[in-house]
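# Structure assessment
What follows is the residue order along each chain.
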Amino acid sequence: AEKLITSLINEWPTRRALAQDVGAKEAAVHKWAASNRIPTDWQDKVVQAARRRGLRHVTPAWMLRAHNPDSQRGAA
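### Concerning the packing of helix H4 (residues 40-52) against helix H5 (residues 60-67)
It is the contact of H4 with H5, at a shortest axis distance of 10 Å, that shows an interaxial angle of 125°. Viewed along their axes, H4 and H5 adopt a mutual orientation that is oblique. In the packing of H4 onto H5, the handedness of the crossing is right-handed. Between H4 and H5, the contacting residues are Gln43, Val46 and Val47 on the first element and Pro60, Met63 and His67 on the second. In terms of residue class, the contact of H4 with H5 is made up of four nonpolar, two polar and no charged.

### A look at the packing of aromatic side chains
Within the structure shown, the criterion is met by one aromatic pair. Seen in terms of ring centroids, Trp32 and Trp42 are 5.7 Å apart; in terms of plane orientation they differ by 50°. Their pairing is tilted. Remark: Trp42 occurs in helix H4 and Trp32 occurs in helix H3 (residues 26-35); sequence separation between them is ten residues. You can call Trp42 partly exposed: its relative accessible area is 24%. Directly above the ring of Trp42 sits Lys45, whose terminal nitrogen or CZ lies 5.5 Å from the centroid.

### Quick look at H3
If you check which residues of H3 are buried, you get Val29, Trp32 and Ala33. All buried residues of H3 lie within an arc of 95° about the axis, which places them on one face of the element. Exposed residues pointing more than 90 degrees away from the buried face of H3 are listed as Lys31 and Ala34. Elements in contact with the buried residues of H3: helix H1 (4-9), helix H2 (15-22) and H4. Asn36, located one to two residues past H3, shows a positive phi value of around 60°.

How each quantity is defined
Residues numbered from 1 in each chain as written. Predicted model: local features only at pLDDT ≥ 70, side-chain atom pairs only at ≥ 80, totals over all residues. Heavy atoms only, no water. Axes fitted to C-alpha atoms, helices over the stretch in contact; angles between N-to-C directions. Helix = DSSP H or I, 4+ residues; strand = E, 2+ residues; numbered from the N terminus. Parallel < 35°, antiparallel > 145°, perpendicular 65-115°, else oblique. Left-handed = near helix turned anticlockwise from the far one by under 90°. Contact = heavy atoms within 4.5 Å. Nonpolar A, V, L, I, M, F, W, Y, C, P; charged D, E, K, R; others polar. Phe/Tyr/Trp six-rings, centres within 6.5 Å; stacked < 30°, edge-to-face > 60°. Buried < 20%, exposed > 50% of the residue type's maximum accessible area, 1.4 Å probe, protein only. Lys NZ or Arg CZ within 6 Å of the ring centre and 35° of its normal. Arc of directions from axis to C-beta.

As structure tokens, this is what we get:
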């Protein structure tokens, strides 16, 4: 499976920069990258920070799909 969240995190110059952008600890961002998941409580902050950095493809819907890749397949 494609690691969309880790790829998104890597769009920032450093993980510290992402942590600063959203008000998280740098260690938390490392955990997000390792697990390829951003906790629900942080997702909106990351979407907003991504938009400020010009990452226009990062929307709440994108975030949902990135965390639930199977939700688009075979949904009845």
